[in-house]
Amino acid sequence: TICVAAHSEGLQFQDEDFRVTANWGYGGKGGITMPGKGKTNERDYTEKEKAAFAADGDAAETIKCLGERTFDVYLNDAALWRNVPERAWNYYIGGYQVLKKWLSYREYNLLGRALKLEEISEVTNMIQRISAILLLEPHLNENYRKIKTDYYKS
């Protein structure tokens, strides 16, 4: 249930639905892409989303790792990704918010085309991979603590 591409009205997607027009990016001076505000809806997890977390293990632990809230991230008024967990949405690499940065370069007026289906799928895969890293975080931290204390023992 994490990062599911959806139509806001429950319709089948049309080609124009994949145009990123939610003001994620705009052209700055010298052709530099500048980030925009975009459009998101922060919300609580639905019961269905919580049930899916429970089916894979401890729902409370999953929510603790992914964040207490989730986001619906819009490409435009019609298309969105539902259930982008708070910590996945706010995941930074190299000082940049990963998904927001990705979207800023794909604004329709900058890219000159709608997204391809493969690109829509890649965002889903990217957020699911980030979520998997976040779910591993407690185990990775525990391993690090063990290694750190045992490293210098003779």
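This text gives an overview of the structure that appears in the document. (Residues numbered from 1 in each chain as written. Predicted model: local features only at pLDDT ≥ 70, side-chain atom pairs only at ≥ 80, totals over all residues. Heavy atoms only, no water.)

**Focus: the overall build of the chain**
Part 1: What the chain contains, in helices and strands, is six helices and eight strands.
Part 2: When the elements of the chain are put in sequence order from the N terminus, they spell out β-β-β-β-α-α-β-β-α-β-β-α-α-α.
Part 3: If one aligns the C-alpha atoms of the chain with their principal axes, the spans along those axes are about 60 × 40 × 25 Å.
Part 4: When burial is assessed residue by residue, the chain has 36% of its 154 residues classed as buried.
Part 5: Contacts in the chain between residues far apart in sequence, at least 24 positions, make up 63% of those at least 6 positions apart.
Part 6: Computing the positive centroid from 21 side-chain charges and the negative centroid from 22, the chain places the two 6 Å apart. (Helix = DSSP H or I, 4+ residues; strand = E, 2+ residues; numbered from the N terminus. Buried < 20%, exposed > 50% of the residue type's maximum accessible area, 1.4 Å probe, protein only. Contact = heavy atoms within 4.5 Å. Lys, Arg positive; Asp, Glu negative; His and termini not counted. Charge placed at Lys NZ, Arg CZ, Asp CG, Glu CD.)

**Here's the deal with the sheet that holds strand S1 (residues 4-7)**
Part 1: Spatially, the four strands line up as an open sheet ordered S1-S6-S5-S4, and their pairing is antiparallel. At either margin of the open sheet sits one strand with a lone partner, and together these are S1 and strand S4 (40-43). On average, each strand axis in the sheet is tilted by 25° relative to the strand beside it, whichever way the strands run.
Part 2: Both strand S5 (residues 70-74) and strand S6 (residues 79-85) contribute to a ladder of four bridges, which runs antiparallel. The partner of Val73 across the bridge, within S6, is Trp81. (Pairing = 2+ DSSP bridges. Axes fitted to C-alpha atoms, helices over the stretch in contact; angles between N-to-C directions.)

**Thoughts on helix H6 (residues 117-150)**
Part 1: A rise of 1.5 Å per residue sets the reference length of H6, with its 34 residues, at 50 Å; its end C-alpha atoms lie 48 Å apart and thus fit the reference within 8%.
Part 2: Residues of H6 that are buried include every one of Glu119, Ile120, Val123, Thr124, Met126, Ile127, Ile130, Ser131 and Leu134, and no others.
Part 3: The inward-facing, buried residues of H6 abut S1, helix H2 (59-66), S6, helix H3 (86-89) and helix H4 (98-104). (Expected span 1.5 Å × (residues − 1).)

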